[in-house]
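Residues per chain are reported as follows:
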Amino acid sequence: MKISVIGCGYLGAVHASAMAELGHEVVGIDVDDAKISALSEGRTPFFEPGLPEVLTSALASGRLRFSTDIAEAAGAEVHFLAVGTPQQKGSYAADLTYVDAAVTALLPHLDAGDLVVGKSTVPVGTAARLAALIAESGSGASLAWNPEFLREGFAVQDTISPDRLVYGVAAGIAGERSVVQLNEIYATAIAAETPLVVTDFATAELVKVAANAFLATKISFINAMSEIAEVSGADVTQLADAIGYDARIGRRFLNAGVGFGGGCLPKDIRAFTARAEELGRGDSVAFLKEVDSINLRRRQRVVDLTVEGLGRPIFNAKVAVLGLSFKPHSDDVRDSPALDVAVQLRGLGADVVATDPQAIENARVRHPQLSYSSDIEETLRGAAAVVLVTEWPVFKSIDPTWAATLVETKTIIDGRNTLNAAEWRAAGWTYYGLGRP
Ligand code: UDX
């Protein structure tokens, strides 16, 4: 099928490349010149494992191209909206400027029978509003909402082999036609018997925010248990294992630590709260504010443990921070707990040196006041405390005996409960975990 993908960020660039890889003819469109030039030359503007290979192969096949000109979308039958919906400044609500701008720009290029497919995460009610806008334009095009559940770090795999497909479609013939078009787009996943939910716009929009709200709640639940473990002497990691054996609970997303961040979970739960309040049901999701607070308290806890563990005034003390991205296998520092901890420690006067396998450049742009090093040895040398805040494999495999020879004081704060505490202690370290004795 001929497809356009409007917005070529983490979501759109992956979607465009993956769709071309699956055999569709794709044009990716973005207003950012630099991004489009990079993608056209086969360079990915962000770190995503597997994407460079798929991008290069799709470009070589001739089925994928990129442009800054929205007019290039003309002639495509399906148009994916993959622009960002960040948190509004000074509010919890989602900023829909980019979604609205993309649809408005696309309208003159739509033909009868075209399908506009929303992938961006939006407040419930947005799809109905956009569908009305498309209908008013008189083009004869329709709208569907097809939320995206990809995880950064596994984005290519999640796009090519999703664990489920959700189509929010209009009622009647238009909706039936949308299903046929989407089934053709996702023919490979459909053939693999991927579970499919065909529903209305509102449900499709809500599925996405509900999924992210659930995941965020699960993480904050275990982090709340972590807080209780800290005042009762229990071990939250063993608690998570024990409750996780119950198949109804499950062990995944029960890792207590410095908490969640990234471009989705934090802003999605906030936008959900704001939308529920607009709808007069703020009380239904009021607990999400608590989920957010628990999450942010964990960052403070890591800072407090560091101050405590230093055993000397923090001013001018060298603190080695291992990790900047919001999770491993990503260079994304949006709302990153790791970067937040580094910034807070610097604010307290620490001489912070931070390292990360991929995220240093993104962190530097936002926080040039921090010192960065791409070398773990240099980061650790002379440190009065070491703080691990992103569980990259390369940090997990640091030999505590070797690290002990580099630092000034053998104090480690494991903000992801990812190190082998016994091994670190045996090598002479004072080890602090979160929610662990
Ligand atoms: C998330 C959703 O998982 C995905 O389905 C959606 O499409 C977009 O948002 P992503 O932002 O890539 O994906 O990250 P995810 O893997 O969900 O992790 C989110 C955050 O939670 C990370 O900061 C991670 O470190 C943290 N986390 C995750 C925990 O603190 N504990 C856990 O047990 C799991």
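Residues numbered from 1 in each chain as written. Predicted model: local features only at pLDDT ≥ 70, side-chain atom pairs only at ≥ 80, totals over all residues. Heavy atoms only, no water.

Novice: Just to check I follow, could you spell out the pairing of strand β6 (residues 142-145) for this structure?
Specialist: Residues in a regular strand project their side chains so that they alternate between the two faces of the sheet. Side chains of β6 alternate between two faces, with Ser142 and Ala144 and Leu143 and Trp145 buried alike. In the sheet, strand β5 (residues 115-118) pairs with β6 via four bridges, with the strands oriented parallel. Among the inter-strand pairings, Val117 is bridged to a residue of β6, identified as Ala144. Viewed along the sheet, the connection from β5 through helix α5 (residues 126-137) into β6 turns out right-handed. (Buried < 20%, exposed > 50% of the residue type's maximum accessible area, 1.4 Å probe, protein only. Helix = DSSP H or I, 4+ residues; strand = E, 2+ residues; numbered from the N terminus. Pairing = 2+ DSSP bridges. Right-handed = clockwise from strand over helix to strand, strands pointing away.)

Novice: I tried to follow the side chain of Asn223 on my own but got confused; where do I start?
Specialist: The topology assignment puts Asn223 in helix α9 (residues 201-232). Looking at Asn223, its side chain comes within polar contact range of the main-chain nitrogen of Gly257, at 2.9 Å. (Polar contact = N/O pair within 3.5 Å; in protein donor to acceptor, adjacent residues only side chain to side chain.)

Novice: When you look at the sheet that holds strand β8 (residues 196-199) in this model, what are you seeing that I'm missing?
Specialist: Strand pairing in a sheet relies on backbone hydrogen bonds, with the paired strands running either antiparallel or parallel. Read from one edge of the open sheet, eight strands run β3-β2-β1-β4-β5-β6-β7-β8, paired in mixed fashion. Since the sheet does not close on itself, it has two edges, and those belong to β3 (64-67) and β8, each with one partner. For this sheet, the mean inter-axis angle between neighbouring strands, taken without regard to orientation, is 20°. (Axes fitted to C-alpha atoms, helices over the stretch in contact; angles between N-to-C directions.)

Novice: I'm lost on empty space enclosed by the protein in this one. Help?
Specialist: One water molecule sets the probe size; rolling that probe over the atoms shows where empty space is left. As enumerated under the stated definition, the model contains one cavity of 30 Å³ or more in all. In this structure, the largest cavity encloses a volume near 70 Å³. Around the largest cavity sit 13 residues that line it, and Val122, Pro123, Val209, Ala271 and Phe272 are the ones nearest its centre. Listed by contribution, the elements that provide at least two residues to the lining of the largest cavity are α9 and α11 (265-278). The element contributing the most residues to the lining of the largest cavity is α11, with five residues. (1 Å grid on protein atoms, 1.4 Å probe; cavity = no way out; pocket = protein on both sides within 12 Å on 5 of 7 lines; lining within 4 Å. Points joined across faces, edges and corners; volume = space filled by probe spheres on them.)

Novice: Please clarify how the site of the ligand should be interpreted in this entry.
Specialist: The local shell around the ligand holds 20 residues, among which Leu150, Glu152, Asn255, Phe326 and Lys327 are the closest. In the model, an oxygen atom of the ligand is placed 2.9 Å from a nitrogen or oxygen of the Phe149 main chain. Within the contact set of the ligand, an oxygen atom lies 2.8 Å away from a backbone nitrogen or oxygen of Phe326. When the ligand is considered free in solution it has 670 Å² of accessible area, and contact with the protein chains removes 92% of it. Ranked by the residues each element gives to the shell around the ligand, the list is headed by α9, at four residues. Counted by class, the shell around the ligand contains 10 nonpolar, four polar and six charged residues. (Near = heavy atom within 4 Å. Areas by Shrake-Rupley, 256 points an atom, 1.4 Å probe, with all protein chains shown as cover. Nonpolar A, V, L, I, M, F, W, Y, C, P; charged D, E, K, R; others polar.)

Novice: Help me understand unusual backbone geometry in this model?
Specialist: One non-glycine residue, His329, lies in positive phi territory at about 65°. Within the secondary structure layout, His329 lies in the loop between β9 (318-322) and α13 (337-347). Among the residues examined, His329 registers a relative accessible area of 31% and is labelled partly exposed. Of note, the phi angle at Asp335 is positive, near 45°, even though the residue is not glycine. Topologically, Asp335 is positioned in the loop between β9 and α13. What makes Asp335 partly exposed here is its relative accessible area of 29%.

Novice: I tried to follow the packing of aromatic side chains on my own but got confused; where do I start?
Specialist: Any two aromatic rings considered together are summarised by their centre-to-centre distance and by the angle between their planes. Under the counting rule described, the total for this entry stands at four aromatic pairs. A ring pair is formed by Phe47 and Trp392, whose centres lie 6.4 Å apart and whose planes are at 45°; its orientation type is tilted. Highlighted residues: Phe47 in the loop between α2 (33-40) and α3 (51-61) and Trp392 in the loop between β12 (385-388) and α16 (393-396), separated in sequence by 345 residues. Summarising the aromatic geometry, the rings of Tyr167 and Tyr186 are spaced 6.4 Å apart at their centres and angled 25° between planes, so their arrangement reads as stacked. Of this pair, Tyr167 sits in strand β7 (residues 165-169) while Tyr186 sits in the loop between α7 (172-185) and α8 (187-191), and the two are 19 residues apart along the sequence. Look at Tyr167 and you get buried, because its relative accessible area is 0%. A relative accessible area of 5% places Tyr186 in the buried class. (Phe/Tyr/Trp six-rings, centres within 6.5 Å; stacked < 30°, edge-to-face > 60°.)

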